[in-house]
Amino acid sequence: MGQESWSSAMAEINRLIAGGDDSALVWQFRAKCLANLGQVHSALEACVQSISLDSTDKHSHFIHALILAEMKEFSTASEALKRTLYLDRQFVEAHYQLGIIQMRKGDRQAGVKSLQNALRITQASDPDRQLHDAAGMTYGRMVAILKNELKVYVELTDKERNA
């Protein structure tokens, strides 16, 4: 999976499941593979299975949210991200994704707050640290992205207020 060879990873996961490995982690990996292969409905089912086996795994809730967002189920995706953040308040990617979804739903104030939370966390961390769920992305690079996004959203809000 680290090499993003989703078909090969899927074959290995299917082998594990056929061999009796019914763990939450295997179902989580299955959901991630299926989502990356464009099979979102099957990915959603695998993610639900992972969560049913271990409801305390923040990554399963996060993947669940991303799949729901891909399906344009933004309200349900927001709830999944809030469950993720309940499990880990410092989960940068969850704050970021929640902010983006809130923006898409038209709640710019909540979206800006979520992006500011992500920025606060990334600025307080080692800039060379890698984000867990964003291959090759460092906290330092995420700071730059968040600052740019916040600048755009705050400027849009100011323009709307002044119109």
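As the structure is a prediction and not an experimental result, all values here were calculated from the model.

Peer 1: So what's going on with the packing of helix α6 (residues 92–104) against helix α7 (residues 108–123)? Residues and values would help.
Peer 2: Taken N-terminus to C-terminus, the directions of α6 and α7 make an angle of 160 degrees; their axes are 7 Å apart at the nearest point. One element, α6, and the other, α7, form an angle in the roughly antiparallel class. Viewed along their axes, α6 and α7 form a crossing whose handedness is left-handed. Note on element contacts: α7 touches α6 through R108, A110, G111, V112, S114, L115, N117, A118, I121 and T122, opposite V92, H95, Y96, L98, G99, I100, Q102 and M103. In the contact of α6 with α7, the residues fall into 10 nonpolar, seven polar and one charged.

Peer 1: If you had to explain helix α2 (residues 24–36) to someone new, which residues and values would you point to?
Peer 2: The end-to-end C-alpha distance of α2, which contains 13 residues, comes to 18 Å, matching closely the 18 Å that a straight helix rising 1.5 Å per residue would cover. Elements in contact with the buried residues of α2: α1 (6–18), α3 (40–53) and α4 (58–70). Of the residues one or two after α2, G38 is the one with positive phi, at around 85 degrees.

Peer 1: Mind laying out the packing of aromatic side chains, listing which residues take part and the relevant values?
Peer 2: How two aromatic rings sit relative to each other is set out by the distance from centre to centre and by the angle between their planes. One pass over the structure, following the stated rule, counts one aromatic pair. On the numbers, 5.0 Å between centres and 35 degrees between planes, the contact of F62 with F91 is tilted. A residue pair is termed long-range when its members are at least 10 positions apart, and F62 in helix α4 and F91 in the loop between α5 (74–87) and α6 qualify at 29 residues. Assessed through its relative accessible area of 3%, F62 is described here as buried. For F91, a relative accessible area of 4% gives the class buried.

Peer 1: An account of the packing of α4 against α5 is requested, with residue identities and associated values reported.
Peer 2: Contact pair α4 / α5: the axes reach a minimum separation of 8 Å and the direction vectors enclose 165 degrees. In terms of their interaxial angle, α4 and α5 are classed as roughly antiparallel. In this structure, the crossing between α4 and α5 has a hand that is left-handed. Across the interface between the two elements, K58, H61, F62, H64, A65, L68 and A69 from α4 touch F74, T76, A77, A80, L81, R83, T84 and L87 from α5. The class makeup of the residues in the contact of α4 with α5 is nine nonpolar, four polar and two charged.

Reading the values: the criteria
- Residues numbered from 1 in each chain as written.
- Predicted model: local features only at pLDDT ≥ 70, side-chain atom pairs only at ≥ 80, totals over all residues.
- Heavy atoms only, no water.
- Axes fitted to C-alpha atoms, helices over the stretch in contact; angles between N-to-C directions.
- Helix = DSSP H or I, 4+ residues; strand = E, 2+ residues; numbered from the N terminus.
- Parallel < 35°, antiparallel > 145°, perpendicular 65-115°, else oblique.
- Left-handed = near helix turned anticlockwise from the far one by under 90°.
- Contact = heavy atoms within 4.5 Å.
- Nonpolar A, V, L, I, M, F, W, Y, C, P; charged D, E, K, R; others polar.
- Expected span 1.5 Å × (residues − 1).
- Phe/Tyr/Trp six-rings, centres within 6.5 Å; stacked < 30°, edge-to-face > 60°.
- Buried < 20%, exposed > 50% of the residue type's maximum accessible area, 1.4 Å probe, protein only.

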